[in-house]
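Report on the structure
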Amino acid sequence: MKDLSYNDFTEGFGKTEIRVPLYGQIELTYSCPCACIHCYCRNQPKKDLSPSFWKDVIDQVHAEGGMEITFTGGDPLVYPDFSEVYRYAKNKGFLINVFTSGCVINKEILDLFEDFPPLNIEITLNSLEKANYDRITRTKNLFDSVMSNIAEIKAHGLPLVLKCNGLKENRDEILKIKDFTEELLG
């Protein structure tokens, strides 16, 4: 089993008559340090659901045969009990993706990810230019922090994916972002 690639492992799933929720996304919170022009979360309620609620959801997905969860939001790392819910899902055996703005990576999160590695940490990087990044996120002074956090994740050898929304505000940078990503991640 360990010699199979992820694609080989999942290839036969659609060929069965049994249907199970193999993959799902959990929006832990609508909160985020950014207020991106393209994001729907900024107009959503800010009251978060309890960790016990999310653990129950995780238990239900697990009981039905689910295998992979993506924590998203807002920014799931802003959720006050992220570490607790993340550990719970990892201890259930889930493969976990984390979609984040990359703004709130800290030592506690890096330690968590080293102890319980995610399948991927996916950071949205919509600009390589500080002023344009500020325009797109509608938040000042986060660009340097995000770039530093990307370097930290890479330095820790954690599985990193950089992604970008195609916007009129960054249309002239898309290929530069692609080149940056390929140079950084191979």
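A brief report on the enclosed structure follows. Just so it is clear, the model here is predicted, and its values are computed rather than measured.

**Some words on the nonpolar core**
Among the nonpolar cores identified, the biggest contains 35 residues, and Phe71, Phe82 and Phe113 are the most heavily contacted of them. Discounting residues that sit within four places of it in the chain, Phe113 has contacts with Leu77, Phe82, Tyr86, Val98, Pro118, Ile121 and Leu158.

**Things to note about the sheet that holds strand β3 (residues 95-100)**
The sheet built from five strands is open, its strands ordered β1-β2-β3-β4-β5 with parallel pairing. At either margin of the open sheet sits one strand with a lone partner, and together these are β1 (23-29) and β5 (160-163). Averaged over all adjacent pairs, the angle separating strand axes in this sheet is 20 degrees, with direction ignored. Across four bridges, the pairing between strand β4 (residues 120-124) and β5 is parallel. Its bridge partner being in β5, Glu122 is matched across the sheet by Val161. Packing of helix α2 (residues 51-63) onto the sheet brings it into contact with β1 and β2 (68-73), and relative to β1 it is tilted by some 180 degrees.

**A look at the pairing of β3**
For β3, the buried fraction is high: five of the six residues fall into the buried class. In this view, the connection linking β2 to its parallel neighbour β3 by way of helix α3 (residues 82-91) has right-handed handedness. As defined by bridge partners, β3 adjoins β4 across four bridges and the pair is classed as parallel. Bridged to Val98 within β4 is Ile121. Where the polypeptide runs from β3 across helix α4 (residues 107-115) and back to β4, its parallel neighbour, the crossover connection is right-handed.

**Thoughts on unusual backbone geometry**
If you check the backbone angles, Arg138 has positive phi at about 50 degrees while not being a glycine. By secondary structure assignment, the location of Arg138 is in the loop between α5 (130-137) and α6 (143-155). Relative accessible area serves as the criterion here: at 44%, Arg138 is assigned to the partly exposed category. For Asn141, which is not a glycine, the phi torsion comes out positive at approximately 65 degrees. Along the chain, Asn141 falls in the loop between α5 and α6. Relative accessible area serves as the criterion here: at 60%, Asn141 is assigned to the exposed category.

**Describing the pattern of salt bridges**
Going through the model one piece at a time under the given rule, you end up with six salt bridges. A salt bridge links Lys163 to Glu122; its shortest N-O distance comes to 3.3 Å. Residue Lys163 is located in strand β5, and its partner Glu122 is located in strand β4; the two are separated by 41 residues in the primary sequence.

**With respect to the packing of α2 against α3**
At their nearest, the axes of α2 and α3 sit 10 Å apart, and the two run at 20 degrees to each other. Considered as vectors, α2 and α3 are oriented roughly parallel to each other. Regarding α2 and α3, the two cross each other, and that crossing is right-handed. For the pair α2 and α3, the contacting residues are Pro51, Trp54, Lys55, Ile58 and Asp59 in the first and Glu84, Val85, Tyr88 and Ala89 in the second. Among the residues forming the contact of α2 with α3, the class breakdown is six nonpolar, no polar and three charged.

**Some words on the environment of Leu175**
Looking at where Leu175 falls in the secondary structure, it is placed in helix α7 (residues 174-185). According to the relative accessible area criterion, Leu175 is exposed, its value standing at 62%. Separated by 62 residues in the primary sequence, Leu175 and Phe113 place their C-alpha atoms 30 Å from one another.

Definitions and limits used
Numbers given to residues run from 1 along each chain, matching the order in which its sequence is written. The model is predicted, so local features are restricted to residues of pLDDT at least 70 and side-chain atom pairs to those at 80 or more, both for listing and for counting; the totals for chains, interfaces and linings are taken over all residues. Calculation of side-chain values draws on the structure's entire complement of heavy atoms; hydrogens and water are dropped beforehand. Think of a nonpolar core as a cluster: buried Ala, Val, Leu, Ile, Met, Phe, Trp, Tyr and Cys residues, connected wherever their side-chain atoms sit within 4.5 Å. Working definition: with a 1.4 Å probe on protein chains only, accessible area under 20% of the residue-type maximum means buried, over 50% means exposed, and in between means partly exposed. Only heavy atoms matter for contacts: two residues are in contact if any of them lie within 4.5 Å across the pair. Paired strands, as defined in this entry, are two strands with at least two bridges between them according to DSSP. The numbering of helices and of strands both runs from the N terminus, where a helix is a DSSP run of H or I of at least 4 residues and a strand a run of E of at least 2. Axis definition: a line fit to C-alpha positions, over the contact stretch in the case of helices; interaxial angles, taken between N-to-C directions, run 0 to 180 degrees. Whether a crossover is right-handed comes down to one check: with the strands pointing away from the viewer, does the path from the first strand over the helix to the second run clockwise; if it does, it is right-handed. Only one rule defines a salt bridge in this text: a Lys or Arg side-chain nitrogen within 4 Å of an Asp or Glu carboxyl oxygen. Note on angle classes: values under 35 degrees are labelled roughly parallel, values over 145 roughly antiparallel, values of 65 to 115 roughly perpendicular, and the remainder oblique. By convention the crossing between two helices is left-handed if the near helix lies anticlockwise of the far one by an angle smaller than a right angle, and right-handed if it lies clockwise. Amino acid classes used here: Ala, Val, Leu, Ile, Met, Phe, Trp, Tyr, Cys and Pro are nonpolar; Asp, Glu, Lys and Arg are charged; the rest, including Gly, are polar.

Coordinates in, geometry out; function isn't part of it.
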